[in-house]
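Architecture and fold: a report
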Amino acid sequence: MGAAGDARAGSGATFLGALKDAALVALITLGLSFPIVALKTEQDLQTRLILVERWGLVATLCAIAFALRLAWLLLGTHVRLPRAASLLDASSMAKLRLLAPWIGLLFVLAFPLIALGIAAAGGPGPLKLIDNYGIQILIYVLLGLGLNIVVGLAGLLDLGFVAFYAVGAYSSALLTKTFGLSFWIVLPLAGILASFWGLMIGLPVLRLRGDYLAIVTLAFAEIVRLVLINWVPVTGGYAGISGIPKPTILGFPQTPLTRLLFMYYFILALVLIANWVTTRLRALPIGRAWEAMREDEIACRSLGINTVMTKLTAFSTGAFFGGIAGAFFAARQGFISPESFVFMESAVILAIVVLGGLGSQIGVAIAAVVMIGGTELLRELGFLKAVFGADFDPAQYRMLLFGLAMVVLMVWRPRGLIARRVPSILLGASSRAAPGAPRG
Amino acid sequence: MDYFVQQLINGLTLGSIYGLIAIGYTMVYGIIGMINFAHGDVFMLSAFIALILFLLLTQIFGVLSLGVALIIVLILGMALTSLWNWMIERVAYRPLRGSFRLAPLISAIGMSIFLSNFVQVVQGPNNKAIEPMLTNVLVIPVGTGSVTLAEKQLVIMATTAVLLLVLWYVVQKTPFGRAQRATEQDRKMASLLGVDVDRTISLTFVMGAALASVAGLLWMMYYGVVSFSDGFVPGVKAFTAAVLGGIGSLPGAVLGGLLIGLIETFWSAYFSIDYKDVAAFSILAVVLIFLPSGLLGRPDVEKV
């Protein structure tokens, strides 16, 4: 609630000034919460709407705002979070930066074991941990890597990435259910079909720039979703498609646990492949062209780069990853419906890419862990019921806090979590740096 | 013929509401070049505020005259929604001014998620329905048949027309409007010439919210039901309208709003109601492919 008097924070150093400022913030909170929080609309027995007064809640909110603002003004200027860079000297920092991806990889590989360990120690079941955290986050990492090519590398703002996810999921579900094709054939097919859709959407919108492109991609994604809802004979409408067969190798994964482990390592492999492909593409002329186009499209065109082809390849490559993720999602759930492909998903994927730091693959992974893992964690806070009463449902606040976290993270680090951008190519000695090394 | 005229009336009513929301998008885009994704949810919030104030006045204070109640709701709702949007700009967008292009957009998407879930948490997830009001209809003979013009449709179109006149006056004739247009053209130059840019931007958000709050009241009055998820679809359609008309152009936003309303209504009337949104979005895509800066937008000049 740092609403008022940010400019006057300097004069707020005096206690009285801070008090006045905090009182103003409390007053604004009162104004904001007057009708919407203070009076709750509820239906009575005749299904008429009546108002229930909740002034206590408003008073609590105002008090919280007052206290937070006061604390911020009085302490915020004195307390400084120690920066990681000041704790470590430059050389160990560089070493850490080099090692971090490998430590991360090791952790991800060992994650199922850790989950089993937690379960053995009396925590929640390993199935739930691996499924809700491991697989869920990795799907978003894969989607983020796909969108990262379009938004992060090529600089094309795509608000409808979920369309490719949906195309991948529905095409794989329909192909396996209707034609009985094996998952291993369908997976690449779903990617290819999605990348065709990328071409199809990309072709007409190439003339558009910036925000016009954003709204048209959003419109296309909505069209795809509406068609999925309304084309009932093929897609099943709201009911969706259920009973999608699970992938197997020679009938191998049979128990729920082994199947889950199989799915976990499979999506992990897909993510690692996608990461490797992205890294390699960035070293190829096409990847260089994407990044050049992001920086300056006109300069790019005058240097003879075919921007039409460059944009189309970015769109279809990103869509390919989205399609693969969709096919995996369909196989993992066994059930898909248009509910899974709403605009919110596009927004979440875009948030992961931007919060991670545009163009950074490690950033995508970290942002996915923070955002998806964080909101999943909120489902677990059942103990808060003991504090706030039995009708307090923490899951209700999940998306509210998700939205708030997006705003706070963006204001805190506008360039994303991994803001340091390593150029793909440098003039001079460092241009011989190994191109295969993981980049931040 | 009468069927056609009837749909025309319905389409213009819906289009008026879209137009009012679209102005908020287009003004903010014009002045800071940002898609204010939270605007649709501000509209939804304002519909809730209008609903609660209306219930408060009629049930607790016992205001009997519907007209008086609606006017009080209109004015109070405008003030409260403006306060919300002012706060949102202050907290979520102002710290990101001058940052790179996508940062405020993500912040706005986060704000939009926050607002719709906030309303869901504090007001509950159910649809909120009130008794229909202004139910009188005028029957006008047209050709062989007749069309009905509901009183509330008349109120919606009249309110929109009056507000547009006020808006036109404010933007074209007042010192604030001049400052706003100057900021839109060149922010740095405007601030060098003594325009308080931050204040102008704040006031632009306030104006956008005031218009959205009128749209929220009209929506609540027209449909008689609001829900926390009502922000997204009207918001996207209003944004589509703003882009269709040429983003940054005020007459364009109104024209786009009316067009989207008409397209949607006629498509539902003559073809299929299921695909009405598909029609609106497809026409947007087609128009933008041939007129990349919208119907009334100025074409971008590429400077090197």
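Residues numbered from 1 in each chain as written. Chains lettered and ligands numbered in written order. Predicted model: local features only at pLDDT ≥ 70, side-chain atom pairs only at ≥ 80, totals over all residues. Heavy atoms only, no water.

**Quick word on the overall build of chain B**
When helices and strands are tallied, chain B shows 11 helices and 4 strands. Taking 304 residues into account, the globule formula puts the C-alpha radius of gyration at 19 Å, and chain B, at 19 Å, falls close to it. On the principal axes, the C-alpha backbone points of chain B span a range of 60 × 50 × 35 Å. Residue burial in chain B is summarised as follows: out of 304 residues, 59% are buried. Accessible area of chain B: about 12,100 Å², with a carbon and sulfur share of 67%. Of the charged side chains in chain B, 16 are positive and 15 negative; the average position of the first set lies 10 Å away from that of the second. (Helix = DSSP H or I, 4+ residues; strand = E, 2+ residues; numbered from the N terminus. Rg over C-alpha atoms; globule rule 2.2 N^0.38 Å. Buried < 20%, exposed > 50% of the residue type's maximum accessible area, 1.4 Å probe, protein only. Areas by Shrake-Rupley, 256 points an atom, 1.4 Å probe, with all protein chains shown as cover. Lys, Arg positive; Asp, Glu negative; His and termini not counted. Charge placed at Lys NZ, Arg CZ, Asp CG, Glu CD.)

**Observations concerning the interface of chain B and chain A**
Listed as interface residues are 72 residues of chain B and, on the opposing side, 64 residues of chain A. Taking both partners together, chain B and chain A bury about 6,200 Å²; carbon and sulfur atoms supply 74% of that area. For the pair chain B and chain A, the interface holds 0 salt bridges. For the interface between chain B and chain A, the tally reads 8 residue pairs in polar contact (both at pLDDT 80 or more). Broken down by secondary-structure element, the contributors of at least two residues to the side of chain B that touches chain A are helix H2 (39–60), helix H3 (66–93), helix H4 (102–123), strand S1 (128–129), helix H9 (232–245) and helix H11 (276–290) of chain B. For the side of chain B that touches chain A, the class distribution of residues is 51 nonpolar, 12 polar and 9 charged. (Contact = heavy atoms within 4.5 Å. Buried area = accessible area lost by both parts, 1.4 Å probe. Salt bridge = Lys/Arg side-chain N within 4 Å of Asp/Glu carboxyl O. Polar contact = N/O pair within 3.5 Å; in protein donor to acceptor, adjacent residues only side chain to side chain. Nonpolar A, V, L, I, M, F, W, Y, C, P; charged D, E, K, R; others polar.)

**Here's the deal with the confidence of the model for chain B**
All names here are of chain B. Here chain B shows a mean pLDDT of 88. Residues at 70 or above account for 98%. Element-level pLDDT for chain B is lowest in strand S2 (residues 137–142), with a mean of 82, against a maximum mean of 93 in helix H8 (residues 197–223). Both scores are available for the predicted complex, with the pTM at 0.87 and the ipTM at 0.87. (pLDDT = per-residue confidence, 0-100.)

**Some words on the packing of helix H1 (residues 2–32) of chain B against helix H6 (residues 175–185) of chain B**
Residue and element names in this part refer to chain B. Running from N to C, H1 and H6 cross one another at 60 degrees; their axes reach a closest spacing of 6 Å. Here H6 runs oblique to H1, going by the angle between their axes. Residues Met27, Gly30 and Ile31 of H1 form the contact with H6, whose participating residues are Gln180, Thr183 and Glu184. Of the residues contributing to the contact of H1 with H6, the split by class is 2 nonpolar, 3 polar and 1 charged. (Axes fitted to C-alpha atoms, helices over the stretch in contact; angles between N-to-C directions. Parallel < 35°, antiparallel > 145°, perpendicular 65-115°, else oblique.)

**Concerning the pairing of strand S2 (residues 49–53) of chain A**
Residue and element names in this part refer to chain A. As judged from the 5 bridges shared by strand S1 (residues 39–43) and S2, these two strands associate in the antiparallel manner. For lysine 40, the partnering residue across the bridge sits in S2 and is valine 52. Where S1 folds back onto S2 in an antiparallel hairpin, the turn is made up of 5 residues, including threonine 47, whose phi is positive at roughly 55 degrees. (Pairing = 2+ DSSP bridges.)

**Quick word on the pairing of strand S3 (residues 145–150) of chain B**
Residue and element names in this part refer to chain B. Strand direction decides the pairing type here: S2 and S3, joined by 6 bridges, are antiparallel. Bridging from a neighbouring strand, leucine 138 pairs with leucine 149 of S3. Remark: 2 residues form the turn of the hairpin made by S2 and S3, two consecutive strands paired antiparallel; glycine 143 in that turn has positive phi of roughly 55 degrees.

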